[in-house]
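Letter by letter, the chains look like this.
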Amino acid sequence: MYRNLIKSVQYNKTKFKYLTYQTLSVACYHNESSYYGYRPRVKKEWKIPQTHLAARQANANLNAWINAYRVHGHRIAAVDPIKWLDGMDVVPEIEMSRYGLEESRELAGLDGIVSFSDSQVQTVADLKKKLEETYCENISVEFMQIEDEYEREWFMENYEKLMEEKEFITVEEKRTLITEMIKFQEFDRFMNAKLPAIKRYGGEGAESMVAFFLNILKSAAQEDVSSVVLGMPHRGKLSALVTLFRHRPARIFRKYKGLPEFGGETNAMMDIPSHFSVSEEYEFDGKKVHLTMLPNPSHLEAVNPVSMGKTRSKQQSLRDGAFNDDESKQFGSNVINVILHGDAAIAGQGINQECVMMAYTPNYDIGGTIHMVVNNQIGYTTPGDRARSSRYCTDIAKSVNAPIIHVNGEHPELVALATKLAFNYQRLFRKDVFIDFNCYRRWGHNEVDDPTMTSPCMYKLIRDKKSVPDQYADKLIAENVITEDEIKSIQKHQFDYYASELAHAEEFVPDSTCFRKQWEGFGQAPGNISIWDTGMSWELLSYIGRSSVYTPPEFNVHPHLKKTFINARIKKLAEGNAVDWATAEAMAFGSLMYQGHNVRLSGEDIGRGTFAQRHAMLIDQDTNEVYVPLNSLKGGLGGKYEVANSILSEEAVLGFEYGMSIDNPNNLIIWESQFGDFYNGAQIIFDTFISSGETKWMHSSGLVLLLPHGMDGMASEHSSSRMERFLQMTDSKETIPDGDDVNFNVIFPTTPAQYFHAMRRQILRNFRKPLVVVAPKTMLRMSEATSKFQDFEPGTHFLSVLPDDIANPKDVKKIILCSGKHYYALNNERIDKNIENVAIIRIESLCPFPVHDIQVELAKYKNAKICIWSQEEHRNMGAWSFIQPRFENMCGRRIKYSGRDVAGTPATGIGRVHAKEAQYVVTHPFTM
């Protein structure tokens, strides 16, 4: 199975000439032996030799002056290729007079103070020249903000040494680089010539990104990294696709001719070319590396957490990092993450802060991301100085002490050097690192946009510039690395290739399927509603339930939990007639684990549960360590439970979980919102990925969203999951019965058994669909909302409609349909008032809409003349607007509404008003 693939990767850490260190375990909140998917990072303790400390102390002023260049040199570095802001800054901090130094002062050895060779540094003037060459020219760095001294010293030493290397790139590498840059450029030129009206978001002005990609892939292969996961926006994407990433240009040209990018029987709406993705394998010096570039929506930066999640899923499949029993294996040994950003987007989109703050947290750690910002120095039309309040667009990196490399994009070899440094840092420290790739955008936001309307002075400078590949070609011709004829030959060959691909675009036959590798055996959902037997032996489920609260004898569990949670669960399982929600969940997850599937539950406070109902992780009251009982489950096929308490984020965390879900269909991935109301912080992820990822890109997902919902008197932000918005986003039809092929499922279950079957169905089906669960709050502990053991046994399954098991069909004059906990309020009212002529039918599946099952129930009540939809939500919220047209069109009956009136917010904040409304929604449907 894909899940069980193991690839051993070793990495030899760089040894420094004067640094020695030992490793120490960091005291942590989590228990490494039990908490699956997490291992504390190792802190390196080391000491600088006394001789070097003495050198720095003896030359304190000189050392302070050198450090001033390290801290401030970037402010005057010539990293802007259009010299738009050159000369805008004065840096008094590097004036030698401040440190009592004179240019004529002779220097006797700088060992321990600087890392470059001091053989040609005889005086302070010589040193000044060297420091300016290192920190103030076409490349510079920010690293002195790094708190860890070991990391800071490593970065300083390696950067200064790299800058001194005269031949850090070979002649052959130069030839490869110019060849790929010309190919990259020729695609944009070809498009300008043949398809000038097309918006392609070309890479003109940023062609040196070729050096970044070439070096990342080659370095990854050389270090035995098996896979690189890339998140990238649209800028330069098509040129990269057809050159570096071996994407057939015919597929892109076919799309521009109005034809689909997927073939065969694919049922999809598809997307624009600048959102295309790629999955390709590369070989360097006999070593292979696989690149996965994800499709991206136009919502900039939204793909970033998705790429991080997909990276972690691959790491899990390959037993990378803490998924491996080898404690020396760090995350990122097998799989690394690379993200490209735009300058305006990285500064403006809050999802970036969420991502960097999530980067090193338990259960989200992927061993660091290599970031490159394609810095056009302008947004759509907004100049950089108006697009942020900080100096650099990369200043967000400083929040996690990440180093930043600023480089002039007109110098491809320096871009290669920056990439080498960034890669080496990530490999050693497994942390984020940022490259600020300063370039420009030759055209406007797209090729048919005129940027001179808003940035006339900047674009006068740009228009006069020779292209970056042409400049580099001139340089290499002068160095006798390549000839002008060779350059022309590459240009002609590539232009002719693109012309041939365009001419044969309509004949090109795209792939007929996307279900390959780990997705083999899966397909798109059928047009009918299928039923899956998700029941299991009660004997096994009871064992799993008991295992879910097992703790070792030496573990000191909270006494209240021991009594009300652990002992209570064991007792209820023995009785088997009142299985609650949390127990059903534990049995669902544990049974999937028993069958070999991994389960991941992610979100804010999910270990305990927002309502203190779950306790999937127990905390030792003496040591503060965590124990996850289900991971000690004996027998079965060894699936694991990853309990991932997230940072206080919705958008990035949900994007991360979506990324995990599209990678491996054999794992159940779940995100729980603290309250359903808060999911809208992740609306972009749901809109652009979860609800539409399959129809746009053929990316299936079985992601589950648990959204606690209920009008319980907690006012506007703790009452509603806004199910109406989800229902409006489905592609359910109002006049034709739904099948399993709806874009996602929405359920509002009323029993623990129903929840149990829904979770198991997500994995047992041979297709994947996202599932939105309008989840319980008060129902979690409601005595009526329990299930009997018979509801879980073999032959049972999720029921789209739950029938009325109380009313006599012959006596029924009125039928009330409802969903969720509102059923129990209605049923109690019916019992209290001894109402015998009303049947209550529960609609458990909202989408797909269960027309057939509803019709079967309606047919039982021959004398019923009135059908009512009853809900506790306001009329313009809840499921009413979704239910009414489908019920009336396909069930052939009129249906009346009962519930709260329209409102501008989900719930009142006035207690007495809430109580009055709550009474009304329960009594009113019986009086209609």
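Just above sits the structure.
Residues numbered from 1 in each chain as written. Predicted model: local features only at pLDDT ≥ 70, side-chain atom pairs only at ≥ 80, totals over all residues. Heavy atoms only, no water.

Engineer: Which parts of the structure should I look at to understand the overall build of the protein chain?
Structural biologist: Check the secondary structure of the protein chain and you find 27 helices and 24 strands. Relative to a compact globule of 928 residues, whose C-alpha radius of gyration would be 30 Å, the protein chain shows 31 Å and is just as compact. Along the first, second and third principal axes, the C-alpha atoms of the protein chain reach 105 × 70 × 55 Å. Counting only residues that meet the buried cut, the protein chain has 61% of its 928 residues in that class. Sequence-distant contacts, at least 24 apart, represent 80% of the contacts inside the protein chain between residues at least 6 apart. Distance between charge centroids for the protein chain: 4 Å, based on 105 positive and 118 negative side chains. (Helix = DSSP H or I, 4+ residues; strand = E, 2+ residues; numbered from the N terminus. Rg over C-alpha atoms; globule rule 2.2 N^0.38 Å. Buried < 20%, exposed > 50% of the residue type's maximum accessible area, 1.4 Å probe, protein only. Contact = heavy atoms within 4.5 Å. Lys, Arg positive; Asp, Glu negative; His and termini not counted. Charge placed at Lys NZ, Arg CZ, Asp CG, Glu CD.)

Engineer: Can you help me understand the sheet that holds strand β23 (residues 866–874) in this one?
Structural biologist: Sheet strands pair via backbone hydrogen bonds, and the direction of the pair is either parallel or antiparallel. Pairing is mixed in the open sheet, where five strands are placed in the order β19-β21-β20-β23-β24. Taken across any chain shown, the strands that pair with only one partner, and hence form the sheet edges, are β19 (801–802) and β24 (896–900). Packing of helix α27 (residues 911–927) onto the sheet brings it into contact with β20 (814–818), β21 (838–843), β23 and β24, and relative to β24 it is tilted by some 160 degrees. (Pairing = 2+ DSSP bridges. Axes fitted to C-alpha atoms, helices over the stretch in contact; angles between N-to-C directions.)

Engineer: Would you explain unusual backbone geometry in this entry?
Structural biologist: Negative phi characterises most residues that are not glycine, and trans characterises most peptide bonds. For the peptide bond that leads from Cys847 to Pro848, omega is 5 degrees, which places it in the cis range. One non-glycine residue, Ala715, lies in positive phi territory at about 65 degrees. Position of Ala715 relative to the elements: it lies in the loop between β16 (704–708) and α22 (723–729). On the basis of relative accessibility, which here comes to 25%, the residue Ala715 falls in the partly exposed class.

Engineer: How should the sheet that holds strand β3 (residues 139–142) be read in this particular structure?
Structural biologist: Spatially, the eight strands line up as an open sheet ordered β3-β9-β10-β8-β7-β4-β6-β5, and their pairing is mixed. Of all the strands in the sheet, just β3 and β5 (278–284) have a single pairing partner and so form its edges. Taking the axes of each pair of neighbouring strands and ignoring which way they run, one obtains an average angle of 20 degrees across the sheet. Pairing of β3 with strand β9 (residues 404–408), which is carried by four bridges, proceeds in the antiparallel orientation. What sits directly across from Ser140, in β9, is His406. On the sheet, helix α9 (residues 303–317) packs against β4 (227–231), β6 (287–293), β7 (335–342) and β8 (369–375) and is oriented at approximately 175 degrees with respect to β7.

Engineer: Teacher, can you tell me more about the nonpolar core here?
Structural biologist: The tendency in soluble globular proteins is for nonpolar side chains to be buried as a group. Residues Trp65, Leu127, Phe212, Phe245 and Phe437 are the most contacted members of the largest nonpolar core, which totals 112 residues. With eleven residues, the single largest contributor to this core is helix α12 (residues 412–429). If sequence neighbours within four positions are ignored, Phe437 has contacts with Ala206, Ser208, Met209, Met372, Val373, Val374, Asn375, Val407, Gly409 and Val415. Val229, Ile841, Ala864 and Cys891 belong to the second-largest nonpolar core, a separate cluster that totals 71 residues. (Core = buried A, V, L, I, M, F, W, Y, C linked by side-chain atoms within 4.5 Å.)

Engineer: So what exactly am I meant to see when it comes to the packing of α9 against helix α11 (residues 351–358) here?
Structural biologist: In a pair of packed helices, the angle between the axes and the distance between the axes together describe the arrangement. Contact geometry of α9 with α11 gives a least axis separation of 9 Å together with a crossing angle of 25 degrees. Accordingly, the angle class assigned to the pair α9 and α11 is roughly parallel. In contact with Asn304, Pro305 and Met308 of α9, α11 contributes Ile351, Asn352, Cys355 and Met358. Here the residues of the contact of α9 with α11 are counted per class, giving five nonpolar, two polar and no charged. (Parallel < 35°, antiparallel > 145°, perpendicular 65-115°, else oblique. Nonpolar A, V, L, I, M, F, W, Y, C, P; charged D, E, K, R; others polar.)

Engineer: Please clarify how empty space enclosed by the protein should be interpreted in this entry.
Structural biologist: In this approach a probe as big as a water molecule rolls over the atoms, and the regions it shows empty are the leftover space. Across all of its chains, the model carries eight cavities of 30 Å³ or more by this definition. Taken as a whole, the largest cavity spans an internal volume of roughly 120 Å³. If you go around the largest cavity, you meet 14 residues; those closest to its centre are Trp581, Gln613, Arg614, Glu672 and Leu780. Listed by contribution, the elements that provide at least two residues to the lining of the largest cavity are α18 (581–594) and β16. By residue number, the principal contributor to the lining of the largest cavity is α18, which donates three residues. Of the residues belonging to the lining of the largest cavity, the class tally is nine nonpolar, two polar and three charged. Taken as a whole, the second largest cavity holds about 90 Å³ of empty space. What lines the second largest cavity is a set of 14 residues, among which Arg569, Ala586, Arg614, Ala616 and Leu630 lie closest to the centre. Of all the elements in the fold, those that place two or more residues in the lining of the second largest cavity are α17 (559–575) and α18. (1 Å grid on protein atoms, 1.4 Å probe; cavity = no way out; pocket = protein on both sides within 12 Å on 5 of 7 lines; lining within 4 Å. Points joined across faces, edges and corners; volume = space filled by probe spheres on them.)

Engineer: What exactly am I supposed to notice about the state of the cysteines here?
Structural biologist: Here a disulfide denotes one covalent bond, and it connects the sulfur atoms of two cysteines. Under the criterion given, the structure shown has zero disulfides. Unpaired in terms of disulfides, Cys867 finds its nearest cysteine sulfur in Cys891, a separation of 8.4 Å. (Disulfide = S-S within 2.5 Å.)

Engineer: Would you mind showing me how to read the environment of Leu62 here?
Structural biologist: Position of Leu62 relative to the elements: it lies in helix α2 (residues 60–72). A relative accessible area of 1% means that Leu62 is categorised as buried. In this structure, the C-alpha to C-alpha distance between Leu62 and Phe798, residues 736 residues apart in sequence, is 75 Å. Residues contacting Leu62, with those up to four places away along its chain left out, are Leu101, Leu107, Leu110 and Leu127.

Engineer: Where do I start with the pattern of salt bridges in this structure?
Structural biologist: A side chain of one charge can pair with a side chain of the opposite charge when the charged atoms of the two come close. Applying the stated rule across the entire model yields 48 salt bridges. Here Glu204 makes a salt bridge to Arg200, at a shortest N to O gap of 2.6 Å. Grouping residues by exposure puts Glu204 and Arg200 together as buried. In this structure, the salt-bridge partner of Glu917 is Arg900, at a minimum N-O distance of 2.8 Å. (Salt bridge = Lys/Arg side-chain N within 4 Å of Asp/Glu carboxyl O.)

Engineer: Help me understand α18 in this model?
Structural biologist: Residue pairs three or four apart in sequence face the same way in an α-helix, which turns once every 3.6 residues. Between the first and last C-alpha of α18 there are 20 Å, a value that for 14 residues agrees with the 20 Å anticipated at 1.5 Å per step. The buried fraction of α18 amounts to 13 of the 14 residues, a majority that puts the element mostly inside the structure. If you check the start of α18, you find a side-chain oxygen 3.4 Å away from the backbone N of Ala582, and it comes from Asp580. Among the residues trailing α18, Gly596 stands out with phi positive, at a value near 100 degrees. (Expected span 1.5 Å × (residues − 1). Polar contact = N/O pair within 3.5 Å; in protein donor to acceptor, adjacent residues only side chain to side chain.)

Engineer: Help me out: how do you make sense of the packing of aromatic side chains in this one?
Structural biologist: Centre distance and the angle of the planes are the two values used to describe a pair of aromatic rings. As enumerated under the stated definition, the model contains 39 aromatic pairs in all. Pairwise contacts between aromatic rings join Trp46, Phe143, Tyr150, Trp154, Phe155, Tyr425 and Phe429 into one cluster. Taking the ring centre of Phe262 as reference, the NZ or CZ of Arg251 above it sits at 5.3 Å. Between Lys431 and the ring centre of Tyr360, over which it is positioned, the NZ or CZ distance is 6.0 Å. (Phe/Tyr/Trp six-rings, centres within 6.5 Å; stacked < 30°, edge-to-face > 60°. Lys NZ or Arg CZ within 6 Å of the ring centre and 35° of its normal.)

Engineer: Explain the side chain of Glu585 to me, please; I cannot follow it from the model alone.
Structural biologist: Following the sequence through the fold, Glu585 ends up in helix α18. Of the polar contacts made by the side chain of Glu585, one reaches the side chain of Tyr755; its length is 2.6 Å. Beyond its immediate stretch of four places on either side in the chain, Glu585 contacts Arg614, Leu706 and Tyr755.

So far we have only geometry, and geometry alone does not tell us how the molecule works.
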